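Notes for the structure review
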Amino acid sequence: MPLHLSESDVVRRSALLPAFPTVVNDLLQTLDDDNATIGALIQLVGRDPVITARVLSIANAAAMGGRNQRDLRDMQVAVSLIGLAKVREIVLAVALAEFSRESRMGSHFWEHSVAVGVAAQELARIGHLSQDFSLVCGLLHDIGQLWMARCHPLEFQLVRMSLEQDEGLDVIDAERRVFGIDHCAIGRLLATAWHLPASVVAAIEHHHDVQPPADKLVAVTHVAEVVVNALDLAAHQKSRVTHLAGSACELIGLNWSDDLGYLFGRIEARSHYLTRIFF
Amino acid sequence: MRQRLHYIPISEAVEGMVLGAPLAIADHGVTNFTLPAGNPLTEGNLHQIAMRHGEFVCILEDDPRSDAERDADLVREKARLDRIFAQADRSQPALAALYAAVLAYRSL
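Small disclaimer: the values here were computed from a predicted structure and weren't measured. As a convention, each chain's residues are numbered from 1 in the sequence order in which they are written. Lettering for chains starts from A, numbering for ligands starts from 1, and both go in the order in which the items are written. Two thresholds apply to this predicted model, a pLDDT of at least 70 for residue-level local features and 80 or more for giving and counting side-chain atom pairs, whereas whole-chain, interface and lining totals are computed over all residues. Remark: hydrogens and water are excluded; side-chain values derive from all non-hydrogen atoms of the structure.

Moving on, we come to the packing of helix H2 (residues 67-84) of chain B against helix H3 (residues 93-106) of chain B. All names here are of chain B. Whenever a helix is involved, its axis is fitted only over the stretch in contact; in every case the axis is a line through C-alpha atoms, and angles between N-to-C directions fall within 0 to 180 degrees. Numbered from the N terminus, helices here are DSSP runs of H or I no shorter than four residues, and strands are runs of E no shorter than two. The N-to-C vectors of H2 and H3 enclose an angle of 150 degrees; their axes lie 10 Å apart at closest approach. In terms of their interaxial angle, H2 and H3 are classed as roughly antiparallel. Note on packing geometry: the crossing formed by H2 with H3 is right-handed. Note on element contacts: H3 touches H2 through Tyr99, Val102, Leu103 and Arg106, opposite Leu74, Glu77, Lys78, Arg80, Leu81 and Asp82. Residue type decides the class: Asp, Glu, Lys and Arg count as charged, Ala, Val, Leu, Ile, Met, Phe, Trp, Tyr, Cys and Pro as nonpolar, and the leftover types, Gly among them, as polar. A per-class count over the contact of H2 with H3 returns five nonpolar, no polar and five charged. Oblique is the label for every angle not falling under 35 degrees (roughly parallel), over 145 degrees (roughly antiparallel), or within 65 to 115 degrees (roughly perpendicular). Helix crossings are classified by the rotation of the near helix relative to the far one: an anticlockwise turn of less than a right angle makes the crossing left-handed, while a clockwise turn makes it right-handed. We call two residues in contact whenever any of their non-hydrogen atoms come within 4.5 Å of each other.

Dropping the structure here:
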């Protein structure tokens, strides 16, 4: 007998999750304003001492490669040394890593999310769209599963077990049988409640669609997850590929006749690197 | 001895490794650091890459495997990929292309 969860139930129970980091939202809203970004970024990050400390630590390691003693203590210096785009990327990933850590989700969840975030960024380069938006979509694409694990842990385990017992069972069908709703729909509700941009909400909602809507951010998130599963990057013996929308590949401009070794190599190496430094 | 390409996080790169592909690091869409394929990495190179927040390098390394070992590895990789794609309809062009591309990558 599935749970009968209404949309308001999902949103209400999201109070069991840690507070969503507002810096993510605020940062995404400043991306179109090049003049405001440096000052806005420093001000936004400065509101959260935990994120500030982690960003400076990672920026310091990145800038110095651990090879000398110079210490970055100031966000302005971090921006001037490693660049605004990198600092922004670090802030987004750190904020969402903290959120995931506080949610007490298993490390494989975070590893998968980082890998999809990195793959989305790499595909965004090919498709000429925002790498920051793509990173956030990748990091948050399975946020509905985080909700399931935190708010209904027994039912979530039931879903996991049924997938292990029946390899032909689709994850969306398995979730609907137990929860009456799937993680993509829950993700849409959460992302909407957190006031994330509509394009991010759509990417979270449609990343499992067999025929996703013709939207580049949706396409990038969809293809990124499929590629990460094909490469088995979380390497926990449960990666599956069931479908891949050709229309999404075409929308991004992914050319299968190209040598994709370099793209896959970048995704694999960067995923391992970022998983280590962000969590 | 045969050689093979290996993509590694920058944290695993050490002096003396040889680049298997050109390295180009860009900032704001402008390439500001390059090294050619075949370049042996020096301590200075690694420092410069880290300073520019490079995250990975492609390395050319010796492949000490015999032909039989290489074939056995390929069979293992194919079995792993077949398990991942077990529920996929590989008559669909995009899925077939992805399968082939990943197998080619794992065969590097």
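Between chain B and chain A, the contact holds 31 residues from the first and 42 residues from the second. Here's the idea: put two parts together, see how much 1.4 Å probe accessible area each one loses, and the total over both is what we call buried area. Here chain B packs against chain A, burying approximately 3300 Å² in sum over the two surfaces, 60% of which is carbon and sulfur. The largest share of the area that chain B buries against chain A comes from B:His53, B:Glu55 and B:Ile84, three residues that together contribute 20% of it. Think of a salt bridge as a Lys or Arg side-chain nitrogen and an Asp or Glu carboxyl oxygen that are within 4 Å of each other. If you look at where chain B meets chain A, you find four salt bridges. Put simply, A:Glu268 and B:Arg106 hold a salt bridge, and the shortest N to O gap is 3.2 Å. Identification of polar contacts relies on pairs of N or O atoms within 3.5 Å, with a donor-acceptor requirement for protein atoms, meaning one able to donate a hydrogen and the other able to accept it, and with residues adjacent in sequence counted only if both atoms are side-chain atoms. Remark: the boundary between chain B and chain A carries seven residue pairs in polar contact (both at pLDDT 80 or more). Among the secondary structure elements, those contributing two or more residues to the side of chain B that touches chain A are strand E1 (3-9), helix H1 (43-51), H2 and H3 of chain B. Here the element with the most residues in the side of chain B that touches chain A is H3(B); it accounts for eight residues. For the side of chain B that touches chain A, the class distribution of residues is 19 nonpolar, five polar and seven charged.

Put simply, buried Ala, Val, Leu, Ile, Met, Phe, Trp, Tyr and Cys residues joined by side-chain atoms within 4.5 Å make one nonpolar core. Three labels apply to residues, based on accessible area from a 1.4 Å probe with only protein chains included: buried if under 20% of the type maximum, exposed if over 50%, partly exposed otherwise in between. Among the nonpolar cores identified, the biggest contains 88 residues, and A:Val24, A:Val87, A:Trp147, A:Phe179, A:Leu196, B:Ile49 and B:Val57 are the most heavily contacted of them. Per element, the largest residue contribution to this core is 11 residues, and it comes from helix H6 (residues 84-102) of chain A. Dropping the residues within four chain positions of it, A:Leu196 is found in contact with A:Phe20, A:Val24, A:Asn25, A:Leu28, A:Leu140, A:Ala191 and A:Val201. Ranked by size, the runner-up nonpolar core spans 43 residues in total, among them A:Ala115, A:Leu231, A:Cys249 and B:Leu81.

All names here are of chain B. Note on pairing: two strands pair once DSSP finds at least 2 bridges between them. Here E1 runs beside strand E5 (residues 56-62); their pairing, made up of seven bridges, is antiparallel. Residue pairing for E5: Leu5 is matched across the bridge by Leu60. Here two bridges tie strand E2 (residues 18-19) to E5, and the two strands are oriented antiparallel to one another. By the bridge assignment, Leu19 is partnered in E5 with Ile59.

Here we take up the state of the cysteines. Residues and elements named next belong to chain A. Whenever a pair of cysteine sulfur atoms sits within 2.5 Å, that pair is classed as a disulfide. For the coordinates displayed, the defined rule picks out zero disulfides over all chains. The structure places no disulfide on Cys137, whose sulfur is separated from the nearest cysteine sulfur, that of Cys184, by 13 Å. The thiol of Cys249 is unpaired, and the distance to the nearest cysteine sulfur, on Cys137, comes to 17 Å. Assessed through its relative accessible area of 2%, Cys249 is described here as buried.

This brings us to the packing of aromatic side chains. All names here are of chain B. Two aromatic rings from Phe, Tyr or Trp, using only the six-membered ring of Trp, form a pair when their centres are within 6.5 Å; if the ring planes differ by under 30 degrees the pair is stacked, by over 60 it is edge-to-face, and anything between is tilted. Inspection of the entire model under this criterion finds eight aromatic pairs over all chains. Plain terms: the ring middles of Tyr7 and Tyr105 are 6.2 Å apart, the flat faces sit at 45 degrees to each other, and that makes the pair tilted. Taken together, the residues Tyr7 in strand E1 and Tyr105 in helix H3 connect sequence positions 98 residues apart. The side chain of Arg90 reaches across the aromatic face of Tyr99, ending 3.9 Å from its centre. Consider the ring centre and the ring normal. A charge sits over the ring if Lys NZ or Arg CZ is within 6 Å of that centre and within 35 degrees of that normal.

Functional significance is not addressed by these values, which are geometric in nature.
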